[in-house]
Amino acid sequence: MRLDHTTCLDPLAEVRAPGDPACDVFLTGTVFLDIIFTGLDSAPVRGTESWARGMGSSPGGVANMATALSRLGLHTSLAAAFGDDHYGEYCWDALEKGEGIDLAPSRTVRGWHSPVTVSLAYEGERTMISHGHEAPPPREPGPRTPPRARAAVASLAPGASEEWVAKAAERGTRVFADVGWDDSGRWDLAALPDLRHCEAFLPNAEEAMRYTGTSCPRAAARALTEHVPLAVVTLGAEGAYAVDGRTGETAEVPAIEVEALDPTGAGDVFVAGFVTGTLAGWPLADRLAFAGLTAALSVQEFGGSLSAPGWVEVAAWWRHVQSYDDQEPAALRRYAFLDAMLPDVVRPWPLRRAVPTIGFGAR
C-alpha cells in the first residue's frame with residue numbers, strides 16, 4: 001500500500017457517530033510565511049555574510065499545528081487572517097489545497113501584508129527574525145462562537161482572555177491549551193483566566209515550574225492539576241510526564257533519540273499528536289508516546305508545517321525500527337499499539353518529503 005502524507009488514516013473512525021460535529025479540531029491564530037535557512041555551520045557573525053546550503057518556505061505560526069493535525073487525519077478548521085499579497089495567497093493555497101484544512105472561518109484582508117518569519121537552523125537550534133503588523137479588525141464582526149468541534153487548541157497569553165474559549169467549552173468542545181514565555185516575569189496562573197475552561201494544559205518543564213513555583217517538573221505537573229484536569233509537561237530530551245487529576249493516573253514516556261535538524265514546530269506537533277490520541281480514546285501513556293514520536297519525527301526535517309509527519313512517516317518509522325535485531329524489547333513494546341492501526345507502507349527509510357518554495361509554477 002503506497003501512501004503520501006496527504007493520504008490519511010482516520011484515527012477517530014471507531015468513535016465517530018451520527019450527529020458528531022463535522023470539525024474535529026478548531027484553531028485560531030496568526031499565520032506567518034516561514035522562510036527557513038538550513039545547512040548553516042554556526043550562527044551568523046556580525047559584519048559577515050553567511051551562505052545556507054538549504055532553504056524552504058511554508059506557512060508557519062498557527063499553521064504549524066493545523067497542518068500537523070490535518071496530516072494525522074483530523075478534520076481541522078482554522079480561523080486566521082491572510083494578506084492579499086502573494087505570500088498570503090501562497091499560504092492559503094498551501095493550507096486549503098495542499099493540506100485539506102477548512103479555511104471557511106478565515107478571511108483575506110485587503111491591503112494588509114502577511115507576517116513573515118525568517119528561521120536560521122544550526123547546531124540543532126534555531127534563531128528567528130519576524131516582522132508583521134496586527135491584522136485590522138473585520139468590517140463586519142464575525143460570529144463570536146466558533147464552529148462545533150470535538151476539540152480546540154488555545155494558545156494562552158498572560159493577561160489575555162479569548163471569548164471563544166469559554167463559548168467553545170460551553171458547547172462541549174474539549175479545549176487543550178499551550179502557553180508561551182511570560183515576558184512580564186510574573187508567572188501567575190491567575191493571569192491565564194481561560195485555563196479554567198480547558199481540559200488539558202501542555203507547558204514545557206521550565207514554564208510549568210515557573211507557574212507553580214516548584215523545582216521539579218513532575219511536581220509542577222501535579223500542582224497544575226489543581227487548576228486544570230489534565231497536566232502534560234514536556235521534559236525535552238527526557239520525554240514527557242502527565243498527570244490526570246480526575247483519576248490520579250500518571251504516565252511518563254522517554255524521548256526518542258534522533259538527530260535533530262530543526263526543532264521549529266516540534267511543540268505544535270507534540271500537541272497535535274496528544275490531541276489525536278485523546279480524541280481516539282487511547283490510554284494516557286500511549287498518547288504521550290505517540291505525541292513524543294511525532295515530535296521526534298518532525299525535528300528530523302526543517303520547517304514547522306513542512307516537517308509535520310503524517311501516518312506514512314509514522315508507519316515507515318515503525319517498520320524501520322523493528323528491522324533491527326538490537327532494539328530494546330521494552331522500547332518496542334511501548335509502541336506496539338501502533339501495529340493495529342498502521343498500513344503496510346512501501347517506502348525507503350529515511351523518508352524525504354517535498355520541500356515547497358515560492359516561485360515555481362506550471363509552464
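Model, not experiment: these values are computed from the prediction.

Draft legend 1. Here's a closer look at the nonpolar core. Among the nonpolar cores identified, the biggest contains 62 residues, and Val31, Leu78, Phe274, Val275, Leu288, Tyr335 and Leu338 are the most heavily contacted of them. Broken down by element, the residue count for this core peaks at eight residues, all from helix H7 (residues 284–298). Residues contacting Tyr335, with those up to four places away along its chain left out, are Val253, Pro254, Ile256, Ala289, Leu293, Trp317 and Trp318. Of all hydrophobic cores here, the second largest spans 32 residues; its members include Leu156, Trp164, Leu192 and Ala208.

Draft legend 2. Spatial organisation of the pattern of salt bridges. Tallying each qualifying case throughout the model produces 16 salt bridges. A salt bridge links Arg174 to Glu199; its shortest N-O distance comes to 2.9 Å. Taken as a pair, Arg174 in strand E10 (residues 174–179) and Glu199 in the loop between E10 and strand E11 (200–201) lie far apart in primary sequence, 25 residues in all. Judged by relative accessible area, Glu199 falls into the buried class, the value being 13%. For Arg210, the salt bridge goes to Glu206, with nearest N and O atoms at 2.8 Å. A residue pair is termed a helical-turn pair when its members lie 3 or 4 positions apart in one helix, as Arg210 and Glu206 do in helix H4 (residues 205–212) at four residues. Among the residues examined, Glu206 registers a relative accessible area of 35% and is labelled partly exposed. Put simply, Asp10, Arg16, Asp20, Asp24 and Arg150 are held in one network by salt bridges that share partners.

Draft legend 3. Up close: the sheet that holds strand E2 (residues 31–38). One open sheet holds the four strands; their spatial order is E3-E2-E7-E8, and the pairing between them is mixed. Of all the strands in the sheet, just strand E3 (54–61) and strand E8 (125–131) have a single pairing partner and so form its edges. Each strand axis lies, on average, 20° off the axis of its neighbour in the sheet, ignoring direction. Of the pairings in the sheet, the one linking E2 to strand E7 (residues 116–122) comprises five bridges and is parallel in character. By the bridge assignment for E7, Ile36 is matched with Ser119. Along the sheet face, helix H1 (residues 62–71) touches E2 and E3 and points at about 90° away from the line of E3.

Cut-offs used in this document
Residues numbered from 1 in each chain as written. Predicted model: local features only at pLDDT ≥ 70, side-chain atom pairs only at ≥ 80, totals over all residues. Heavy atoms only, no water. Core = buried A, V, L, I, M, F, W, Y, C linked by side-chain atoms within 4.5 Å. Buried < 20%, exposed > 50% of the residue type's maximum accessible area, 1.4 Å probe, protein only. Helix = DSSP H or I, 4+ residues; strand = E, 2+ residues; numbered from the N terminus. Contact = heavy atoms within 4.5 Å. Salt bridge = Lys/Arg side-chain N within 4 Å of Asp/Glu carboxyl O. Pairing = 2+ DSSP bridges. Axes fitted to C-alpha atoms, helices over the stretch in contact; angles between N-to-C directions.

Note that all results are geometric; they support no functional claim without further evidence.
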